[in-house]
Amino acid sequence: MTQVGYAAIPYNAVLSFYMLAVVRFSVSPGDFAARFEPYLHALTVFYFLATATIGMPFRIFTELRLGLGCWVAEYPSGCDKTGGCLNV
């Protein structure tokens, strides 16, 4: 679920882009919703949801050494050379 949590970063950029368009360039909220919103939602939400969903059946996520969560990595470090990877 950490992978899905990373969607908050680009989604925050999308909200900033929305505010810039509405406040600075006087784009109406309805026009923004019709022209940009579907693409921006697809880029932010669906990309991270798809990578998290696809990564689970292939068991490519392992725990991080620093902090809580998982990421695409080999476990233990350097296991690809010895052939003893434990992606659980």
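About the thresholds
- Residues numbered from 1 in each chain as written.
- Predicted model: local features only at pLDDT ≥ 70, side-chain atom pairs only at ≥ 80, totals over all residues.
- Heavy atoms only, no water.
- Helix = DSSP H or I, 4+ residues; strand = E, 2+ residues; numbered from the N terminus.
- Buried < 20%, exposed > 50% of the residue type's maximum accessible area, 1.4 Å probe, protein only.
- Contact = heavy atoms within 4.5 Å.
- pLDDT = per-residue confidence, 0-100.
- Expected span 1.5 Å × (residues − 1).
- Bend = angle between axes of the 7 residues up to and from the residue.
- Phe/Tyr/Trp six-rings, centres within 6.5 Å; stacked < 30°, edge-to-face > 60°.

## Details of the overall build of the protein chain
- Along its length, the protein chain carries 5 helices and 2 strands.
- Reading the secondary structure of the protein chain in the N-to-C direction produces α-α-α-α-β-β-α.
- Out of the 88 residues in the protein chain, the part that is buried amounts to 16%.
- For the protein chain, the proportion of contacts with a sequence separation of at least 24, taken over those separated by at least 6, is 39%.

## Here's the deal with the confidence of the model for the protein chain
- For the protein chain, the mean per-residue pLDDT works out to 78, and 65% of the residues sit at or above 70.
- The lowest-confidence element of the protein chain is strand S2 (residues 70–72), averaging 59 in pLDDT; the highest-confidence one is helix H3 (residues 29–35), averaging 95.

## Regarding the side chain of Thr44
- Along the chain, the position of Thr44 falls in helix H4 (residues 37–55).
- Contacts of Thr44, omitting those with residues within four sequence positions, involve Ala7, Pro10, Tyr11 and Val14.

## With respect to unusual backbone geometry
- At Ser26, a position not held by glycine, the phi torsion is positive, near 55°.
- Of note, Ser26 is situated in the loop between helix H2 (8–24) and H3.

## Quick look at H4
- Taking 1.5 Å of rise per residue, the 19 residues of H4 would be expected to cover 27 Å, and the 27 Å separating its terminal C-alpha atoms lies within 8% of that figure.
- Along H4, the largest kink reaches about 30° and is centred on Phe46.
- All buried positions along H4 are accounted for by Leu40, Thr44, Phe48, Ala52 and Gly55.

## Comments concerning the packing of aromatic side chains
- Overall, the coordinates contain 5 aromatic pairs when judged by the stated rule.
- Aromatic pair Phe17 and Phe36: ring centres 5.7 Å apart, planes at 85°, arrangement edge-to-face. Of the two residues, Phe17 sits in helix H2 while Phe36 sits in the loop between H3 and H4, which places them 19 residues apart along the sequence.
- Phe17 gets classed as partly exposed once you look at its relative accessible area, which sits at 34%.
- A residue is classified by how much of its surface remains accessible, and Phe36, at 28% relative accessible area, is partly exposed.

## As for H2
- With 17 residues, H2 should cover 24 Å at 1.5 Å per step; its first-to-last C-alpha distance of 24 Å lies within 8% of that length.
- Looking one or two residues past H2, Ser26 carries a phi angle of roughly 55°, positive in sign.

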